[in-house]
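Architecture and fold: a report
The chain contents come next:
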Amino acid sequence: MIVEVVMGSSSDWAAMGVADDLLREFGIDHHCHVLSAHRMPDDMFRFAETAWDRGVRAIIAGAGGAAHLPGMLAAKTTVPVLGVPIPSKHLQGVDSLYSIVQMPKGVPVATFAIGAAGAANAALFAVAMLARENPELHAKLQAYRQAQTEAARAMTKDLQ
Ligand code: RP5
C-alpha cells in the first residue's frame, strides 16, 4: 500500500471513512484498518517498524481522546504521519487535537482539523505529496481544485 489509513477504533470510521472515499476517488492504492496504540501496542510497533521497507509513502492516523497513535507511529518510523483528531465524547475532539498537535520538537506529526474535514484534508495532502512524481495524479488534483473554484463562483446566485 502506498498510503495506510489507520485509526484507534471502528468508532473513528465516521470521520476516517471520508479519507477512504477521497483516496478511492483519486485512485490511490491504500488500506484502512484499526490499529489501537493502547489496545494493540505490539501490532502498532510492528506496523510502524516495517512501514518504510513496505514502500508506504504516508500514514494517515486518526485517534480520539488521549490520541497517542499518530505520535507513537511517528516515533517508530520516518514515513510521514498525518494525524487526524477524532471528535471525542466529553471534549468534542479538542483533547484529540491537542494530543496530536503538541508533539515535542524532533518527531513531527502533521496535524489536521478535527473530524471529517481533517480526514478529507489529510487524504488530499497525501495526494499532493504523491502528485509531484505522478503527472496524471497532479492533473486530477488540479481538476478537483478547479471544480471547487467553479462551485464557489456559482454560490453568488444562491444569495437572498
Ligand atoms: C481512541 O479512543 C479511538 O481512536 C477512539 O476515538 C476512542 C474511543 O474508542 P472506542 O471506545 O469508541 O473504541 O483510542
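Residues numbered from 1 in each chain as written. Predicted model: local features only at pLDDT ≥ 70, side-chain atom pairs only at ≥ 80, totals over all residues.

Worth spelling out the cut-off: UniProt positions are given in the numbering used here, feature names are shortened, and annotations may be inferred rather than shown by experiment.
In the nomenclature of an unreviewed UniProt entry, the protein is known as N5-carboxyaminoimidazole ribonucleotide mutase of Rubrivivax albus. Looking at the Sequence similarities (unreviewed entry) heading of the UniProt record, one finds this comment for the protein: "Belongs to the AIR carboxylase family. Class I subfamily." Of the protein, the UniProt comment under Catalytic activity (unreviewed entry) reads exactly: "5-carboxyamino-1-(5-phospho-D-ribosyl)imidazole + H(+) = 5-amino-1-(5-phospho-D-ribosyl)imidazole-4-carboxylate".

**A closer look at the UniProt feature "transmembrane region" (unreviewed entry) in the protein**
Stated formally: Helix and strand assignments follow DSSP, with helices taken as H or I runs no shorter than four residues and strands as E runs no shorter than two, numbered in order from the N terminus.
Feature annotation in UniProt places "transmembrane region" (unreviewed entry) on residues 109-131, given in this structure's numbering. With 70% helix and 9% strand, the stretch residues 109-131 has end C-alpha atoms that lie 20 Å from each other.

**What about the packing of helix H1 (residues 13-25) against helix H5 (residues 116-131)?**
Rules: Axis lines are fitted through C-alpha atoms, for helices just across the contact stretch, and the angle between N-to-C directions can take any value from 0 to 180 degrees. An angle below 35 degrees is read as roughly parallel, one above 145 as roughly antiparallel, one from 65 to 115 as roughly perpendicular, and any other as oblique. By convention the crossing between two helices is left-handed if the near helix lies anticlockwise of the far one by an angle smaller than a right angle, and right-handed if it lies clockwise. Placing C-beta atoms from the backbone, we regard two residues as in contact once those atoms come within 7 Å. Under the scheme applied, nonpolar residues are Ala, Val, Leu, Ile, Met, Phe, Trp, Tyr, Cys and Pro; charged residues are Asp, Glu, Lys and Arg; polar residues are all the others, including Gly.
Viewed as axis vectors pointing N to C, H1 and H5 meet at an angle of 30°, and their least axial separation amounts to 7 Å. By the angle between their axes, H1 is roughly parallel relative to H5. Of the two possible hands of crossing, H1 and H5 adopt the one that is right-handed. Residues Ala15, Met16, Val18, Ala19, Leu22 and Leu23 of H1 form the contact with H5, whose participating residues are Ala116, Ala119, Ala120, Ala122, Ala123 and Leu124. Looking at the contact of H1 with H5 residue by residue, the class counts come to 12 nonpolar, no polar and no charged.

**Considerations on the pairing of strand S1 (residues 3-7)**
Going by this rule: Around each residue's C-beta, the other C-beta atoms within 10 Å are counted; 20 or more make the residue buried, 12 or fewer make it exposed, and counts in between make it partly exposed. All C-beta atoms are placed from the backbone. By this definition, two strands are paired if DSSP reports at least two bridges between them. Every crossover in which the path from the first strand over the helix to the second runs clockwise, viewed with the strands pointing away from the viewer, is termed right-handed.
Burial within S1 is extensive, with five of its five residues counted as buried. Residues Val3, Val5 and Met7 point to one face of S1 and Glu4 and Val6 to the other, with burial holding for every one of them. By the bridge criterion, five bridges tie S1 to strand S2 (residues 30-34) in an arrangement that is parallel. By the bridge assignment, Val6 is partnered in S2 with His33. Considered for its hand, the β-α-β crossover made up of S1, H1 and S2 is right-handed. Relative to strand S3 (residues 58-64), S1 runs parallel, the two being bridged by five bridges. When the bridges of S3 are listed, Val6 appears paired with Ala61.

**Some words on the nonpolar core**
This is how it is decided: Note on terminology: a nonpolar core is a set of buried residues of type Ala, Val, Leu, Ile, Met, Phe, Trp, Tyr or Cys, with members joined through C-beta atoms within 7 Å.
One finds Ala19, Ile59 and Ile60 to be the most contacted residues of the largest nonpolar core, which totals 44 residues. Of all the secondary-structure elements, those providing two or more residues to this core are S1, H1, helix H2 (41-51), S3, helix H3 (69-76), strand S4 (81-86), helix H4 (94-101) and H5. For this core, the element with the most residues is H1, which contributes six residues. Setting aside its immediate chain neighbours within four residues, Ala19 contacts Val5, Ile60, Ala119, Ala120, Ala122 and Ala123.

**What to know about the sheet that holds S1**
The strand order across the open sheet formed by five strands is S2-S1-S3-S4-S5, and the pairing between neighbours is parallel. Edge positions in the sheet fall to S2 and strand S5 (110-111), since each of these pairs with one other strand and no more. Docked against the sheet, H4 engages S3, S4 and S5, running at close to 160° with respect to S4.

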